[in-house]
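Examination of the molecular architecture
Residue strings, one per chain:
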Amino acid sequence: MVLPTTHARLGETLYLHGSTGSRPMRGAGAGLPVCVTATLVDGLVLARSALHHSLVYRSVVVIGDARLVDDTAEKSRALAGLLDHIAPGRAADCRAPNAKELAATAVLAVDMLEVSAKVRDGGPADEPEDHALPHWAGMAPLRLTAGVPIPADDLDPAILAPAYLAQYSR
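Just so you know, the residues in each chain are numbered from 1, in the order the chain's sequence is written. Two thresholds apply to this predicted model, a pLDDT of at least 70 for residue-level local features and 80 or more for giving and counting side-chain atom pairs, whereas whole-chain, interface and lining totals are computed over all residues. In computing side-chain values, all of the structure's heavy atoms are included and hydrogens and water are not.

**Observations regarding the nonpolar core**
Stated precisely, the cut-off is as follows: Buried residues of nine kinds, namely Ala, Val, Leu, Ile, Met, Phe, Trp, Tyr and Cys, make up a nonpolar core once their side-chain atoms join them within 4.5 Å. The buried label goes to any residue with under 20% of its type's maximum accessible area, the exposed label to any with over 50%, and the partly exposed label to all in between, with areas taken from a 1.4 Å probe on protein chains only. Runs of H or I in DSSP of at least four residues are treated as helices and runs of E of at least two as strands, each being numbered from the N terminus.
Ranked by size, the top nonpolar core spans eleven residues in total: Leu14, Leu16, Met25, Val34, Val36, Val62, Ala66, Ala106, Leu108, Val110 and Met112. When contributions to this core are tallied by element, the ones reaching two or more residues are β2 (13–19), β3 (32–46), β4 (54–68) and β5 (105–111). Here the element with the most residues in this core is β5; it accounts for three residues. With nine residues, the next largest nonpolar core counts Tyr15, Val69, Leu102 and Ala109 among its residues.

**A few points about the pairing of β3**
Just so we agree on the cut-off: At least two DSSP bridges between two strands are required for those strands to pair.
Sheet analysis places β3 next to β4, joined by 13 bridges and oriented antiparallel. Bridging across to β4, proline 33 finds its partner in aspartate 65. One ladder, built from four bridges, connects β3 with strand β7 (residues 138–141); its direction is antiparallel. Opposite leucine 44, over in β7, you have alanine 140 as the bridge partner.

**Let's talk about the layout of surface pockets**
Our working rule: Both cavities and pockets are sets of points on a 1 Å grid over the protein atoms alone; in a cavity a 1.4 Å probe fits but cannot get out, in a pocket the set is open with protein on both sides within 12 Å along at least five of seven lines, and lining residues sit with an atom within 4 Å of a point. Grid points are joined across faces, edges and corners, and a volume is the space filled by probe spheres set on the points. Charged means Asp, Glu, Lys or Arg here, nonpolar means Ala, Val, Leu, Ile, Met, Phe, Trp, Tyr, Cys or Pro, and polar covers whatever is left, Gly included.
Each pocket or cavity is described by its volume, and for the second largest pocket that value is around 320 Å³. If you go around the second largest pocket, you meet 13 residues; those closest to its centre are Leu155, Leu160, Ala161, Pro162 and Leu165. Of the residues contributing to the lining of the second largest pocket, the split by class is eleven nonpolar, no polar and two charged.

**Regarding the environment of arginine 58**
What counts here: Contacts are assigned to residue pairs with any non-hydrogen atoms lying within 4.5 Å of each other. Pairing of N or O atoms within 3.5 Å defines a polar contact, subject to two protein rules: one partner must be a possible hydrogen donor and the other a possible acceptor, and residues neighboring in sequence count only if both atoms are side-chain atoms.
With respect to the helices, strands and loops of the structure, arginine 58 is situated in strand β4. C-alpha of arginine 58 to C-alpha of alanine 38: the two residues are 20 residues apart in sequence and 8.3 Å apart in space. With residues near it in sequence (within four places) discarded, arginine 58 still touches Ala38, Thr39, Leu40, Asp42, Lys118 and Val119. A polar contact is formed between the side chain of arginine 58 and the side chain of aspartate 42, at a distance of 2.7 Å.

**A few points about helix α2 (residues 72–86)**
Spelled out, the test is: Helix span, expected: 1.5 Å multiplied by one less than the number of residues in the helix. What the arc describes is the spread of directions from the helix axis to the C-beta atoms.
Along its 15 residues, α2 runs 21 Å from first to last C-alpha, staying within 8% of the 21 Å computed at 1.5 Å per residue. Residues of α2 that are buried include every one of Glu74, Lys75, Ala78, Leu79, Gly81 and Leu82, and no others. Each buried residue of α2 lies within a common arc of 155° when the element is viewed along its axis, so the set occupies one face. Away from its buried face, by an angle of more than 90 degrees, α2 presents the exposed residues Thr72 and Arg77. At its buried positions, α2 is contacted by β1 (7–10), β2, β4, α3 (99–104) and β5. With a side-chain oxygen positioned 3.3 Å from the backbone nitrogen of alanine 73, the residue opening α2 is aspartate 71.

This is the structure in structure tokens:
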């Protein structure tokens, strides 16, 4: 089952959030076996031969049993961590969830006991006999960049975009 969600790592615990109405979140009360994966693609590797095309990437897999976070203090820390993972400093720059919002939001905690990370970096690994071929080879870096912040239609024009958003990069 795929559950797209934001995540945050606090210490050796990975936190995920979702609606209390979602089946995976409800099923975690008794412990839910999960496999969480995240991959960032940093570039395209173009080789002289079709076989050696690849990606520059960073990937992690976390396997474990997710538990539903019931403790209000832990849940609040996890939700603040999720906000700060999206944009550092955001948790302190918005209203904290009220009791109704906390009740409608489920947070899963996965102790990071079994974790695998893989990184692929560098250019193509062409065969030596292909080096003389007349085909371009190399790496095309990819970046996720933020555009100019767009204020909400009803935002007071005197409220400027925060510095952490104006200078956002990942």
